[in-house]
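# Descriptive structure summary
One-letter residues, chain by chain:
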Amino acid sequence: MDDEDRSPKYAKNSLTLAGAVMLGTGVMIGAGIFALTGQMAELSGPLFPIAFLSAAIVVLFSAYSYVKMSASYPSAGGIAMYLHKAYGDTLPTAFNALLMYFSMVIAQSFLARTFGAYTLQLFDMPDNSIWVPALGVALLIAAFLINLSKNQIIEAVASFIGILKLAGIVLFGAVGIWLAEDIAADFTQADPRASWEGFLAATALGILAFKGFTTITNSGSELTDPHKNVGRAILISIALCVVIYALVGFAVASNLSIDQIIETKNYSLAAAARPALGGLGLWFTVILAMAATAGGIIASIFAVSRMLAMLTQMRLVAHSHFGMPGSIQKHTLVYTVVLGIVLTAFFDLTRIAALGIIFYLIMDIAVHWGILRYLRKEIGANAMILISAILLDLIVLGGFVWVKLSTDVIVVGVALGAMAVIFISEAIFLKHRKSEGHQ
């Protein structure tokens, strides 16, 4: 019998409000600006900057649930704990929490491949090179080593990178608009991509650019004054990203045509830097992208490993030590990075993003419904805001799936297959656990 204490250990008051904001924006900005801009333009044509703003509206309604829940139940489990409060020790809790877990791991892979795609621009190499996943895997391993350190070190690294990239991206956007010949994107030009379903699909991808705020919910056991500061960190992070996404979106649209943005969709900011800022601008943008995606991965791994540890502690997922020493949280850190490495090696950016947004929106709807159905009075939530959040999620999810069914039905099939595997596996595990008397 292994008597080692493997329970997760969290250092109370080891994260500040500023640190939580940097962890949240680290994930959000890393994914949203550097790789999604081109994909959103591919779906919505010249309307892609507006799609970012549309996504922000949906996210603000969505964030309401997380702010209200964090004020009442701050914990390291974050969304896993929120689902547990709503649905109890049941299959819906485990299934939706794992959807969130996998969407967060997918986000790490998205960031890792974005890091590789931008880095290769310094060497004038194509973004379909084998070096894209290789560099992404190397970054995941480095982020894993950083996450083995103390919270203060993780916060210091994330905060330094966060400040650096916030300042750099704002500078890029401001200078890009200032130097552009035409400082306004033309939203009236005819474009076959500017359909309503394409706009909804682009809005869905825009939500992926904002969903990093959910990583903040996993810091409740370590953040100072968590009942107030988790919610504050969420709102501050979203507000910062709204301004930055709008600024950079207009800068890119002012320096590249829609066709150029789509052609360079995996590194569109670097492409926009060439005409606006020249060779030095390209170097500046690529280094900025490398720092931003690295910071995003560090922050995401920090949050998602804690969420899986909480699910393990709740006995909602199976767990094996595989002979590893240390706490469960260290084990979930390993599992998270290994899974991220696999996705980075074998999936391209477009499909990674599609899987992530499908998983996330389904989980998000489950959170809103759980609060509306079971916790609304307990936490003092407004029913109309919750209903609006559910309807908005359903609309953008419907638009996104509709587009993917006509352009990439395989990714929809993979998403449905993965969800079926998660559901069936959890049903079997929970039934077995119940038969053993673990209530």
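Numbering of residues begins from 1 in every chain and follows the order in which that chain's sequence is written. Where local features are concerned, this predicted model is filtered to residues with pLDDT of at least 70; where side-chain atom pairs are given and counted, the filter is 80 or more; whole-chain, interface and lining totals use all residues. In computing side-chain properties, one takes all heavy atoms of the structure into account and sets aside hydrogens as well as water.

Attention shifts here to the overall build of the chain. Numbered from the N terminus, helices here are DSSP runs of H or I no shorter than four residues, and strands are runs of E no shorter than two. When its secondary structure is counted, the chain shows 15 helices and zero strands. Across the 439 residues of the chain, 60% fall into the buried class. Total accessible area on the chain stands at roughly 16800 Å², and carbon and sulfur atoms take up 68% of it. Exposure classes here rest on a 1.4 Å probe applied to the protein chains alone. A residue is buried below 20% of its type maximum, exposed above 50%, and partly exposed in between. Surface accessibility in these figures is a Shrake-Rupley result with a 1.4 Å probe; residues are shielded only by whichever protein chains are displayed.

Turning our attention to the pattern of salt bridges. Should a side-chain nitrogen of Lys or Arg be within 4 Å of a carboxyl oxygen of Asp or Glu, the pair is scored as a salt bridge. A complete count under the given rule lists two salt bridges for this structure. Here R433 ties to D89 by a salt bridge, and the two come within 2.9 Å at their closest N and O atoms. Placement of R433 in helix α15 (residues 409-435) and of D89 in the loop between α4 (79-87) and α5 (91-119) is noted, with a sequence separation of 344 residues between them. The class for D89 is partly exposed, based on a relative accessible area of 31%.

Let us look at the environment of L394. Inspection of the secondary structure puts L394 in helix α14 (residues 383-407). A relative accessible area of 45% means that L394 is categorised as partly exposed. For the pair formed by L394 and I365, sequence separation is 29 residues and the distance between their alpha carbons is 7.8 Å.

A few words now on the confidence of the model for the chain. Here the chain shows a mean pLDDT of 81. Residues at 70 or above account for 84%. pLDDT expresses, on a scale from 0 to 100, how confident the predictor is about each individual residue. Across the chain, the secondary-structure element scoring lowest on mean pLDDT is helix α7 (residues 151-179), at 70, and the one scoring highest is α14, at 95. Every residue pair with non-hydrogen atoms within 4.5 Å of one another is taken to be in contact. Taken together, the stretch residues 1-6 has pLDDT below 50 and engages in nine contacts with residues farther than four places along the chain or on a different chain.

Moving on: a nonpolar patch on the surface. Here, patches come from residues exposed beyond 30% relative accessible area and free of salt bridges, joined within 9 Å for like charges and within 5 Å for nonpolar side chains (Val, Leu, Ile, Met, Phe, Trp, Tyr). Taken together, the side chains of M384, I387, L391, L394 and I395 define a hydrophobic patch exposed on the protein surface, amounting to about 470 Å² of accessible area. Locating L391 in the fold gives a position in helix α14.

Here the focus is the layout of surface pockets. Estimated volume of the largest pocket: approximately 510 Å³. Considering the residues around the largest pocket, the lining is formed by 24 residues, among which L98, Y101, F102, L339 and I422 are closest to the centre. Breaking the lining of the largest pocket down by element, the ones donating at least two residues are α5, α11 (268-313), α12 (328-346), α13 (349-379) and α15. With seven residues, the single largest contributor to the lining of the largest pocket is α15. Per-class residue counts for the lining of the largest pocket are 18 nonpolar, five polar and one charged. Both site types are read off a 1 Å grid over the protein atoms alone. A 1.4 Å probe that fits but cannot get out defines a cavity, while an open set with protein on both sides within 12 Å along at least five of seven lines defines a pocket; lining residues have an atom within 4 Å of a point. Grid points are joined across faces, edges and corners, and a volume is the space filled by probe spheres set on the points. In this classification, the charged set is Asp, Glu, Lys and Arg, the nonpolar set is Ala, Val, Leu, Ile, Met, Phe, Trp, Tyr, Cys and Pro, and all remaining amino acids, among them Gly, are polar.

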